[in-house]
Structures are given as C-alpha cells and as structure tokens.
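Reading the structure
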Amino acid sequence: MTKAKLTEEEEEQEQARDRQEIWDALPKGKVYHVPTNPDDFFTGISYDISPRQAGQRVRKHDMYCELGGPKQRYSSFFFIEVVKGEDKIEDGRVEVIGPEIKEIEGQSLPFGFWIRYYGKELTEDYLDLLTRWTYFALEEGEGWMLLNTRDTIWLRLHKKDADKHDFEHLGQAMINLCKIQFPLVEKADAKILIATEDLGGSKHTKGIIDNVCVPYWERVDKRARAFSDDDADTFYGCTICQTFAPSHVCAVAPDRPPYCGIITWIGAKVMCDLDPYGYIFEMPKGECVDPEGGEYTGINEKIYEKSNRTYKRVVMYSSITYPQTNCGCFEAAIFYIPDVDGLGLVDRRYGGETPLGVTFSKLAGLISGGQQNHGYCGISSRTPRSRKFVRADGGWNRIVWIPKEYKQILTESIPAEMFDKIATEEDCIDPKELKEFLKRVHHPVVTLWKDGETPDPLNLPPPNTDWDQEEEKKARGKGKDILVIPPP
Amino acid sequence: MEPEGFATLRAGEKKANKKIVKVGDCEVDLEEVVRDLRGVEDIATDIIKEMGERRVKQWKPKLNILAHASDIAEWDNVLLNRYHPLYTSIPSTPTIMEESNQAKLSLQDTCKGLFKQLTFARDLLEFAIKVFGRNREIDMGSSITYPTMNTSMLTGFYTKNLDDMDRALSYAETQLSELLLAAYFGAESVIEFEEKALHAGALTFLAMEIAETIKMCCFEFFNAGNHPATEYSDSPPVEIEVGMGAVDRTKPVIVFFGNNFLPAWFAVEHVKANGLEDAIEICGVGAVGHDIPRFYNGGKVLTSAVKARKVTRAGIPDVVVASETCLDFDLVAEAKRVDAKVVAYGYKAGSGLEDRSDDSVDDILKNVMENDLPGVRITIPEKAGELAVKLAIAIKQKGKRKENYLLAELKEEASRCNSCDLCIEVCPNKQTISKAMDDVSALADIYDNCIFCGLCERACPEGVPIMDLIMSAAATRGKLKGDKYLMRAGRGPMSELEWRDLTFGIILGGNGPGMINIIGCGNYPGSEREVAEIARYFLERNALVTVSGCVAADVAKYFDENGFLFEQYIAAGVLKGLVNFGGCTAISHVPAAIYRGALVGSGYTPKANWTQIADYLYARLPVVVIMWGAATEEMYAVASGLVRSGIPVVIGPSGFKFKRYFLGDKDDRSKWWMYDGVTGEKKEVEPCPMHMLVPVDTKEEAIAMCAKLLHRPLALRDPRLASLEAENEAYKNFFGEYSDDWHLYVRSEQELHVMRRAELLRKLGQEHGWEIEGMKIKRAKHRSGELMDMQEYNKRYGIQLGRYSTLVPRLITRKGIK
Ligand code: SF4
Ligand code: SF4
Ligand code: SF4
C-alpha cells in the first residue's frame with residue numbers, strides 16, 4: 001500500500017517537474033499583468049460574460065477567426081493544472097505567445113491555453129470545477145463559440161464582436177472568473193500560445209499535448225474514477241427540488257449523481273462551502289447497512305429529517321426497493337416492467353411509447369411530485385454510467401429495454417455481452433413481444449422466470465408505503481441472483 | 001309518495017349518506033372537498049383518486065368543480081389583498097366616480113370580453129356538433145399530456161369530446177349571466193366586483209380554449225401536439241407570407257376579415273378540390289388572418305384587425321368576406337370604393353346586404369355579377385367559401401376592377417385642405433396631417449404611424465380623402481411593395497417535454513431570465529417595430545418568447561442583416577425560442593403552457609384545483625405577459641384571467657388607458673410574506689412579483705418592468721441571479737442607473753453577476769449600509785434597519801432556497817405525516 005502510494009506521489013512529482021520545464025521553455029511572448037485586486041477583476045474587459053451568452057454558434061461565414069477544431073485536426077489544447085508551491089506562480093501574469101486576435105482575421109490556427117492555479121487548500125480534486133469556471137470566459141463569453149474540451153477544443157470568434165476581444169483580456173477573464181467564484185484559488189497565471197507556422201504550428205501544440213496534457217489527464221482521471229462512495233465520509237443532500245415536490249430530498253454521492261444532472265458530489269462539496277445558506281447540506285454517511293444497495297444509517301436519518309419526516313429509507317442503487325424520490329425534472333427514468341420482471345430505461349428525447357404503454361412524458365407525470373415510487377425512478381441521463389447503477393436490482397442484467405438513440409449514447413456503459421440482449425423500440429414495444437425477444441436472446445432476466453417461461457412479477461407496494469418484509473426479501477434476492485458486476 | 005331526490009334536501013339524510021372515497025388507507029369525505037356535491041360526484045371522485053393518497057394526506061383537498069366566482073375566493077383574496085385594484089378615472093366622466101362604481105364598470109368590461117369569446121366558441125361548437133356529432137373525440141396529440149387545462153381548472157374535467165365541451169360551455173354561459181346580473185344590477189364592494197371580474201377573465205380563457213381546441217382537433221389547424229418534440233425547432237416552417245406586398249394582384253384576391261375562419265376553411269377546401277392553389281390568393285386580416293396559415297400554407301396574413309382598412313384602401317381585395325368581426329367600420333362602403341364585392345357570413349355580420357343563403361352558389365354568382373350588387377349575406381359557411389372563390393375568379397376574368405386604386409394626382413385632393421387641423425385633433429396618434437398635405441414624403445411618413453382608424457376623414461369638413469392620400473403617398477415610396485415579410489404559422493400548444501428542458505434553463509439553472517409572452521390585437525400607436533424589438537431584446541438574452549394574437553404579424557416584421565426574427569430563432573418552447581402560438585383564441589395556450597410548467601415540477605392535478613396551481617406558479621415561475629396595444633374588451637378580460645392565474649401582466653404602450661390595474665406596494669412590508677409550507681410560520685419575503693397588472697408607456701419601460709417582474713420569492717440561486725441581472729441591465733441601459741430597490745432581491749453575493757459583483761457590492765456598502773468584506777457580504781441591512789449576519793438575514797428575510805412555501809393556509813402541509 002505505502003509502496004504503491006509512494007510511486008504515485010513520485011510519478012506526480014516527476015510529471016510536475018517535466019511540466020515546469022516545458023512551461024519555462026515555451027517561446028517568449030508578450031507579458032501582461034492583469035488585475036489581481038477583486039474590485040478590478042474585470043476592469044478593461046469590454047465583452048459580456050453571462051449565462052445568456054451560453055451556447056452560441058458561430059457559422060463559418062460569420063467567423064472572424066478560428067482556433068483548434070477539425071480543421072486543425074484537433075491538435076489544440078485547453079489545459080488547466082493545479083500547481084504545488086506558491087513561489088512557482090506570479091499571480092496575474094498572462095503571457096501571449098504569437099499574434100494577437102486583430103492580426104489573425106480570417107485564419108484558422110492551432111492553439112494552446114495553459115492555465116495554472118495555486119491555493120494552499122487547492123487540490124486536483126477540484127479540477128472539474130476549476131475547468132468549468134475557467135471555461136465560462138468562453139462558454140458564456142459574448143462572441144465566442146466553444147465546442148468540446150481539453151484536446152478536442154474548438155473555438156470560433158464572431159465577426160461582429162471581434163473588436164471587443166484580445167488575448168490579454170481573455171486571459172484576464174479566464175483566471176479572474178475562476179478566482180471570483182472560487183476563493184480557494186489564491187494565485188493564477190496563464191500562457192496563451194497561438195501556434196502559427198513560425199511557432200511550430202500544430203507540431204508544437206501536439207508535442208505539449210502528448211508530453212504535458214495527456215499524462216496529467218490520465219493520472220487525474222484515474223484517480224477520479226477510483227474515487228467511490230467508500231472513499232467519502234459524507235454525502236451531500238440537496239433540496240432544491242422541494243420547491244416543486246415537498247418532501248423530496250436528493251442524496252448525492254460520488255457514484256450517484258442526482259437526476260437533474262446539474263450537481264456532482266465534488267460540486268456539491270464546494271457549493272456547500274461557498275454558499276452556506278444555499279440548498280446543499282452535508283449528509284454524514286453513518287453506518288453502511290447494505291453495501292450492495294447503498295443504504296446508510298446517516299443518510300436515512302437525514303432523509304427523514306429533510307423530507308419533513310416523510311421517508312425513512314433510501315436504497316441508493318435500487319429503483320425497485322426504496323428508490324430515491326424525484327420531482328418532475330429528470331432527464332431519464334427507470335421503470336419496472338412487470339410482464340417480464342425486468343427494468344426499462346427511457347430518456348426525454350424519446351417521444352414514443354414504452355413497454356408500459358405510456359410515453360416518457362406520461363411516465364414522468366406519474367412518478368414526479370416527490371413520492372417514493374417503488375419500481376420507478378427519475379435519473380440523470382448519465383446515471384447509467386455509474387458502476388453501481390441499479391446494482392440492488394441486478395445491475396445491467398436486469399435492464400431489458402432502452403430506446404435506440406439512448407442505447408447508442410450509453411454504448412460504453414453497457415457491458416458488451418448485454419448490448420444485443422437489450423431491446424429497443426425497433427425490436428419491440430409490446431410487452432408480449434418483448435417477452436419473446438428476451439427468450440430469444442437468452443436475456444439474464446429469463447432465469448428469474450418460472451421454468452424460464454413464466455415471469456413471476458414482484459408485488460410492488462403502492463407509492464410511499466413500506467415493503468412487506470417477505471416481498472422485499474424476494475425482490476432483493478432476485479437482484480442478487482442475476483447480478484454480475486461488470487469488470488471495472 | 002315523495003318525488004325522488006326530495007330526500008336529499010333534508011339535512012339529516014344528507015349526513016347519513018356520507019360520500020367517502022378511499023385512496024390508499026385514507027378516507028376522503030367528498031362533502032368536505034366540494035361545496036355542493038350534487039351532480040358532480042363522479043368528477044370529484046375521479047379527481048381525488050387521481051390526486052392519490054400522498055397528496056390527500058399532505059393537504060386538505062378543495063375542489064372548485066364548475067366553479068362560481070366565490071369558489072376561488074381563497075386565492076382571489078390573496079391577490080386582491082396584496083394588489084389592491086387601482087382605477088384611473090376616465091377623462092370624459094365629469095365627476096370622480098366612487099371606487100365601487102369603477103369596479104362595477106371594470107366587471108362590465110370584462111363581461112363584454114367574455115361575452116364575445118363565448119359567442120364565438122358557441123357558434124363554432126354548434127357547427128362542429130352538426131358536422132361531427134356530439135361524440136366526436138377530442139385528442140390534443142401524443143405530445144400533450146395535460147390537454148384542456150383552461151377548462152379543467154374551472155370545471156374539473158378535460159373536454160374529451162364535443163359533448164364535454166358543450167357541458168363546459170353551458171357552464172360558462174350560466175356563469176356569464178350570473179356575472180352580468182352583478183355587473184348591471186349589483187351593489188357590491190370593490191373586492192366582490194373584482195373577484196367576479198377575475199372569474200370572468202378565467203372563463204374567457206375557457207371559451208377561447210374551446211374554440212382553439214375545435215380548430216385544432218376538428219378542423220386540422222396546425223397542432224404541435226401531433227408532432228414529436230424532435231421537430232419543434234423548425235416547425236411549422238418560416239414560410240407564411242405577411243404584409244400587403246406579398247399579394248400577387250394579377251390573381252383573383254380574396255381577403256377574409258373577422259374572427260370566424262369557417263368561410264375561409266371552406267374556400268380553401270374548394271380551392272384544393274379544384275386545384276386552384278396557384279391561381280388564387282387567399283388572405284386574411286386579424287384573427288382569421290392568423291387562422292388560415294394554420295390549415296393552408298398558401299394563406300397570407302395582411303395586417304392586424306384594427307388596421308383592416310389599410311387593405312381596402314390599398315385596393316387589394318376582389319372579394320372581401322366578413323364574419324362577425326372586430327371591425328368597426330362600414331366594410332360595404334369601403335369595398336365599394338374599390339369595386340370589391342362583399343360576402344358577409346353569419347347571422348351577426350349585419351351589413352345591410354341581402355340574405356341569399358337559400359339560393360345556389362351559381363345563381364348568386366350570376367346575380368351579383370349581372371346586377372353589379374355590392375354583395376350578399378350568407379349564413380352557411382360552405383356556401384360562403386365557395387361563393388367567395390367563384391366570385392373572385394369571375395371579377396378577375398371580367399376585368400371588373402381597375403388595376404390600381406391609388407390616387408394619381410395627390411396635389412389636387414390635398415389642395416382642398418383649409419388647415420383647420422380638426423384631423424390632428426382627433427387623430428389618436430396625433431399625426432400632423434394638414435402640415436403634410438403638400439409633401440409626399442411627409443405623408444408617407446405618416447403611413448408608418450397611422451392605424452387607418454378613419455377618424456380624421458370623418459372629422460374633415462372639406463371631405464379630403466386623407467387615408468387615400470396617406471396610402472397613395474406611401475405607395476409612391478415603395479412602402480406597399482416593401483410590406484412583405486415571413487413568419488411561422490401558429491403552432492398551438494406547448495408540450496410538457498419543452499418545459500422539461502425549460503425547467504433546467506429557468507427554474508433550476510439561470511441560463512435565461514424566463515418566459516416572456518407577448519399578446520395583443522396589434523392596435524397601438526407608434527411603430528410596429530417596437531413590439532418586435534421587445535421580443536428581440538429578450539430573445540437575445542436567452543429568454544423564451546412567445547407571441548399570440550395579432551401582434552405575431554408585427555413581430556414578423558422585424559428584419560435585419562440576419563433575416564426575419566422568425567428565421568433567426570428556433571420555434572421550440574425552450575430558451576432562445578420564438579414560439580408563435582397562433583391568432584386570438586391561441587392566447588389560451590399561454591396560461592396552459594405555464595400550467596404545464598407547474599405540473600412538470602409538481603404533479604398536482606390541474607382539475608378544479610385553481611388555488612393550488614396558481615399559488616404554485618405565482619411564487620415560482622419567472623413568466624410575464626406583455627400586452628401590447630390593449631384597449632379592447634377582449635384584452636381586458638384576458639388580462640383579468642391571466643392575473644387570476646398568478647401571471648403578471650405589463651400593458652403598454654400608453655398603458656394608462658387601461659382603466660384598472662393591480663399594483664403592489666413594495667414599501668408596505670405587511671403585504672409581503674409567505675407561509676413556510678411545513679411549519680406554517682409566516683415569513684417576510686421579497687416584494688415580488690411587484691405588480692400583477694401594470695401600465696407602461698414606452699418600449700423601454702416595458703422591458704425594464706418585465707425584467708423586474710421576473711423575480712419570484714421561491715426562485716433558486718441561479719434564477720435569482722438571472723432575474724436580478726435582467727433588471728439591473730435593463731435599468732442601467734435605459735435609464736442610466738439601477739432601480740432603487742434592486743438590493744431587496746439580494747440574499748447572497750452569489751446572486752450578483754460576476755462582472756458587476758464588485759460594483760454592486762460597493763453600492764450595497766455605500767448606498768444601502770451593508771457591510772462588505774472583500775468580495776463577500778459580511779452583514780446585511782434588514783428592511784427593519786437592523787444590520788445582521790447572513791445567517792440571521794437569510795432566516796429573517798425570504799424563504800430558504802428550496803423550502804416548500806405557500807400563500808394559502810390550507811396548503812401548509814398537514815403536520816405529523818406518517
Ligand atoms: S435533482 Fe438536483 S437540484 Fe433537485 S434536489 Fe436533486 S440535486 Fe438538487
Ligand atoms: S386614420 Fe391615421 S392619420 Fe387618420 S386619425 Fe387615424 S391614425 Fe390618425
Ligand atoms: S380636417 Fe381636413 S381640412 Fe382640416 S386640416 Fe385636416 S385635412 Fe385639412
């Protein structure tokens with residue numbers, strides 16, 4: 001254990017040294033010192049940054065210039081790192097290497113933004129949030145089109161706004177937005193590299209991607225992936241949706257994003273610090289009473305308290321027994337199909353009928369309102385990517401039906417051997433046909449049927465009522481019977 | 001023996017027959033849920049079952065099935081208490097009227113609006129029943145989960161077939177007589193009168209919805225409900241031509257006026273059956289103008305109802321078809337000026353024309369052409385439609401009309417003017433007509449601000465054909481040809497799916513400030529472009545903008561280097577979407593869409609559950625209606641209905657002509673509170689929405705007021721930021737400084753837009769006495785004057801984010817839920 005840890009740390013240090021070297025060796029550019037005093041954070045910036053600018057598209061003939069993207073074969077980067085060592089960063093230093101915006105009208109060039117943050121308490125765990133806030137300068141910046149992230153990044157600037165922009169102020173906006181949102185950031189600097197031919201072109205940027213970015217991303221991603229419910233002492237609760245659905249509470253865990261998809265565990269953690277009178281609160285886990293299903297004494301207590309004493313239990317990784325409640329604004333839903341004793345998945349893009357005979361909209365109407373609907377659960381469209389997805393119910397082996405488009409999106413999360421066994425609307429919608437389909441493809445749920453022929457559906461209790469103990473045991477037994485944990 | 005039913009009249013027996021409905025392990029006594037259960041037991045039972053055990057346990061249900069005005073007093077009182085009606089005296093009345101008298105007049109006006117819509121809905125329903133039978137099913141399409149909510153909110157049932165509609169409409173008609181009794185013979189208090197006016201408003205939406213639904217479900221009007229959500233971004237397409245320049249006058253031209261589309265519908269049927277699509281121009285003015293494109297994409301929208309005379313003065317139609325109508329001028333005389341023939345449709349289109357409904361179309365045609373009759377009256381829509389088509393073709397073939405009815409010699413007519421300036425005096429837009437008499441370009445300028453009301457011509461002692469002069473001058477400047485734009489046809493309802501997306505943008509997140517709904521008849525002085533600019537302002541800032549009624553055509557007229565407004569924005573009901581619901585009756589989609597927003601989140605029943613739905617959306621959803629050009633009685637009723645639904649309304653321009661407003665007093669702290677929904681504790685909240693019916697004068701005021709009215713006491717963090725920024729930006733842009741009360745909406749520095757944060761924090765410190773430390777608020781100044789830390793401040797002021805709260809005592813959740 002200690003040995004492995006050491007090497008991890010060593011690896012980290014070595015990488016940091018390499019990065020610093022490459023950073024120092026970048027060609028010299030024009031150096032600016034942007035304001036570091038909060039009052040002046042945005043002084044001199046003449047373009048608007050706000051949510052209403054989000055999602056702007058710049059068409060080719062409206063484009064003033066283009067950075068990165070397909071034309072440059074995605075050889076550009078937007079790289080953000082957390083630096084250890086206060087002295088490594090000169091706060092507010094923005095260096096622009098290569099031409100300014102006004103000199104590249106009509107051009108398409110590879111580029112790199114390299115942004116470094118330091119803070120005594122700042123760690124790589126916050127990288128996602130740092131990235132989000134830094135991106136805001138572009139994503140919510142007037143005139144910019146931002147697509148993709150990291151080394152697939154693609155920017156375009158709109159003609160009509162071009163005269164409001166230059167790289168100095170873009171650098172200022174990026175680091176100061178992050179600072180104003182996130183006081184843990186104490187120092188920041190940035191290098192903006194516009195890789196014209198004489199600066200080495202895409203070869204230069206590609207080299208940095210390979211030697212700096214990719215190793216860093218691989219390492220932090222690996223760590224983030226490894227971080228699971230068991231590594232956290234506390235989950236976070238959110239009751240935003242109580243305003244729509246009195247008594248609703250979300251428990252947000254590393255492996256369990258809420259159905260709204262707008263909050264993650266780490267995001268909740270930060271919000272909790274930043275906005276103490278907001279809507280996020282801590283939920284100490286307490287004791288784990290059910291590792292498979294994800295049931296904790298601390299969570300149950302908090303849920304009971306925050307649901308205004310309405311719900312006593314939540315099994316985080318079940319949609320059949322004591323699932324989380326939801327208001328109406330979820331992106332996708334899981335539903336129990338009694339005719340085959342399996343689970344279906346549907347997302348809001350799908351307008352047709354499900355094997356339950358209702359559309360997503362109707363289904364959503366039925367299960368919203370903050371009720372605990374055993375057998376149904378609203379989720380975020382990314383929830384199925386969780387390694388603990390409906391594990392109490394049998395995981396992917398219990399999923400029998402997903403609309404084609406959504407299934408496509410989930411391809412990577414669905415265990416390969418299950419992919420063809422899950423029906424789509426093209427195979428069938430009618431439950432009778434679904435039953436035949438499942439038999440034909442030897443879907444694991446068939447093993448739950450009597451003689452592999454007759455499904456033996458569960459007796460779901462009405463919403464908000466407790467399970468009969470025997471029935472609950474049966475339900476959980478079924479989940480256990482067919483659960484095969486997919487290889488990590 | 002006693003007749004059956006007599007027994008129920010005796011109190012004792014009534015008690016003995018308790019009507020209990022069981023939901024889960026909960027027993028509900030229907031007698032406690034509905035005021036008078038007789039005749040509505042089946043409806044009540046269904047609703048309670050639909051509500052389900054949990055809801056019934058959470059609150060004491062109360063259903064306003066087939067509601068009388070006073071059945072919704074629980075909610076009306078909340079509103080009328082907070083927003084006391086304010087009347088502006090009408091200049092022509094010599095003495096200052098007592099408030100209650102003004103309230104009475106207000107009720108009368110609302111009743112007139114209701115009456116107009118009811119009559120139209122009834123006509124249409126009767127016709128539909130004749131053609132399709134009472135059992136004709138009404139299906140709003142698979143994309144709509146909650147169908148006819150304007151109706152179900154009052155009656156307790158969706159109208160699933162024409163028979164249901166008959167029941168709902170009969171109910172509304174009965175209500176109207178009850179209201180009229182009060183409006184003309186009642187001696188009630190201001191509040192009682194206004195309660196009834198609100199009720200009349202709500203009923204107006206019921207009537208509009210019935211007409212609208214029949215259009216979509218029986219007459220194949222475009223209905224987004226029949227389309228999957230994936231198509232919404234560009235459907236219906238931007239293909240409908242708007243404006244007089246769009247008409248090809250080498251073809252026979254029929255122009256439909258009024259609000260009954262049936263003759264137009266049958267005319268189009270005839271055109272299609274005979275393959276005449278390319279051979280004839282089918283155009284409409286006003287309500288029918290917006291109806292035609294929804295079933296025929298060759299249909300053209302010429303202008304709004306109020307400016308109808310523009311079309312005749314320009315000499316466009318060969319045949320005009322008028323139905324009962326928003327027109328207030330002599331169409332026959334107008335038509336005659338330009339040798340056009342009139343087909344008056346219906347019983348009410350009094351026109352002095354001979355009723356020829358009993359004759360065959362060909363006989364009538366022959367007769368009209370040979371004897372050069374001015375027109376005929378027909379009460380059968382099929383006949384009116386067919387006749388119009390045949391007549392137009394015949395007129396064209398015979399070359400019965402001049403090519404051009406514009407004045408060739410302007411000078412001569414103008415020279416009769418003696419500069420008495422009577423015309424200027426009567427002109428609602430105060431156009432300096434006499435001054436422009438010898439200057440073509442000045443006359444042409446007047447065209448832009450002229451609504452062709454005709455008052456000037458009527459006033460002129462010298463008989464100067466002023467409107468002809470204006471029209472002809474405009475034509476020489478190319479203004480007629482240039483009057484050519486593109487729009488989308490009305491799409492009908494907004495779906496729940498769209499609200500699901502929208503919820504992320506404006507309820508959970510703050511990517512857009514809210515949903516702005518622009519409605520109106522398009523009768524306003526000043527530039528048509530203003531209303532389009534309001535729409536664009538909010539679209540550019542990511543709002544969802546919807547238009548309905550005749551203003552849609554004016555919004556269509558916006559054009560810049562990126563094309564028409566309708567081309568620039570998608571048609572889906574999402575952020576940065578520009579939705580055209582449709583003409584007049586489609587205004588009923590506005591509250592329906594907003595109810596859907598409430599239902600997506602809450603899952604409450606929208607059946608006879610007015611208080612709960614209104615209470616919910618009023619305090620949560622950032623939606624505002626702008627009524628642009630509002631003087632008609634229909635709009636008066638519409639405004640009342642919207643207010644009752646909890647939707648704030650901004651009226652302009654020159655909104656002070658509206659006579660009655662509902663204004664809030666932000667300084668009276670006793671008015672601004674809510675109950676914590678769980679503990680029942682009464683808590684002070686931000687003064688918002690500040691007004692429910694508020695006049696504005698200019699476009700800029702409209703935008704700023706609209707932004708201000710987007711604040712909601714239960715808005716979450718990001719939407720709070722979005723609405724505050726919307727207000728701050730508008731005030732700063734238009735008036736150079738922030739409003740004097742923006743700080744009342746701040747509860748955390750996180751709600752201050754990042755780029756303004758430093759500035760606003762400084763202002764909080766310097767101008768409002770807050771204590772600021774770096775980029776954080778350390779202590780806030782409570783409205784009581786006390787300085788307190790943020791924890792205390794958040795406890796004492798406003799509702800904790802996400803906390804269920806209500807304005808209605810009944811809706812405080814019952815304690816001790818198991
Ligand atoms: S769904 Fe999202 S916003 Fe709603 S309560 Fe859960 S975490 Fe909060
Ligand atoms: S017709 Fe035009 S110019 Fe004449 S009074 Fe009316 S608005 Fe004024
Ligand atoms: S009313 Fe007639 S005569 Fe008098 S100023 Fe006007 S146009 Fe001239």
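Residues numbered from 1 in each chain as written. Chains lettered and ligands numbered in written order. Predicted model: local features only at pLDDT ≥ 70, side-chain atom pairs only at ≥ 80, totals over all residues. Heavy atoms only, no water.

Quick look at the site of ligand 2
In the neighbourhood of ligand 2, the contacting residues comprise C427, P428, I433, C450, I451, F452, C453, G454, C456 and M467 of chain B. The residue makeup of the shell around ligand 2, split by class, is 9 nonpolar, 1 polar and no charged. (Near = heavy atom within 4 Å. Nonpolar A, V, L, I, M, F, W, Y, C, P; charged D, E, K, R; others polar.)

Details of the domain arrangement of chain A
Residues and elements named next belong to chain A. Parsing chain A into structural domains produces domain 1 (15-226) and domain 2 (234-483). Taken over C-alpha atoms, the centre of domain 1 sits 39 Å from the centre of domain 2. Contacts between domain 1 and domain 2 engage 9 residues on the former and 6 residues on the latter. Carbon and sulfur atoms make up 67% of the area that domain 1 and domain 2 hide from each other, which totals about 590 Å². When the buried surface of domain 1 facing domain 2 is broken down by residue, Y126, L129 and R225 rank first, second and third, together holding 49% of it. (Domains from an automatic or database assignment. Contact = heavy atoms within 4.5 Å. Buried area = accessible area lost by both parts, 1.4 Å probe.)

What about the confidence of the model for chain B?
Parts of the prediction with low pLDDT should not have their coordinates interpreted in detail. When the pLDDT values of chain B are averaged, the result is 90; 94% of them are 70 or greater. Looking across chain B, the model is least confident in helix 1 (residues 11-16) of chain B, with a mean pLDDT of 52, and most confident in helix 6 (residues 149-155) of chain B, with 97. (pLDDT = per-residue confidence, 0-100. Helix = DSSP H or I, 4+ residues; strand = E, 2+ residues; numbered from the N terminus.)

Concerning the interface of chain A and chain B
Chain A puts 48 residues into the contact, and the matching count from chain B is 53 residues. Buried surface at the junction of chain A and chain B, summed over both partners, amounts to about 4600 Å²; 54% is from carbon and sulfur atoms. The interface formed by chain A and chain B includes 2 salt bridges. Linking D501 of chain B and R348 of chain A is a salt bridge whose minimum nitrogen-to-oxygen distance equals 2.1 Å. Taken together, the links from chain A to chain B amount to 2 residue pairs in polar contact (both at pLDDT 80 or more). Mapped onto the side of chain A that touches chain B, the elements with two or more residues apiece are helix 3 (167-181) and helix 7 (360-367) of chain A. Examining the composition of the side of chain A that touches chain B, we find that 5 residues originate from one element, helix 7 of chain A, more than from any other. In terms of residue class, the side of chain A that touches chain B is built from 23 nonpolar, 17 polar and 8 charged. (Salt bridge = Lys/Arg side-chain N within 4 Å of Asp/Glu carboxyl O. Polar contact = N/O pair within 3.5 Å; in protein donor to acceptor, adjacent residues only side chain to side chain.)

Re unusual backbone geometry
Residue and element names in this part refer to chain B. In this structure, the amide linkage connecting S235 to the following residue, P236, adopts the cis form with an omega of -5°. Within the secondary structure layout, P236 lies in the loop between helix 8 (190-218) and strand 4 (238-242). Cis geometry is found at the peptide bond from C688 to P689, where omega equals -15°. Note on placement: P689 falls in the loop between strand 22 (682-684) and strand 23 (691-695). Even without being glycine, D421 reaches a positive phi, approximately 65°. By the element assignment, D421 lies in the loop between helix 15 (410-414) and helix 16 (422-426). Judged by its relative accessible area of 24%, D421 is partly exposed. For F452, which is not a glycine, the phi torsion comes out positive at approximately 55°. If you trace the backbone, F452 turns up in the loop between helix 17 (440-449) and helix 18 (455-459). The exposure class of F452 is buried, given its relative accessible area of 1%. (Buried < 20%, exposed > 50% of the residue type's maximum accessible area, 1.4 Å probe, protein only.)

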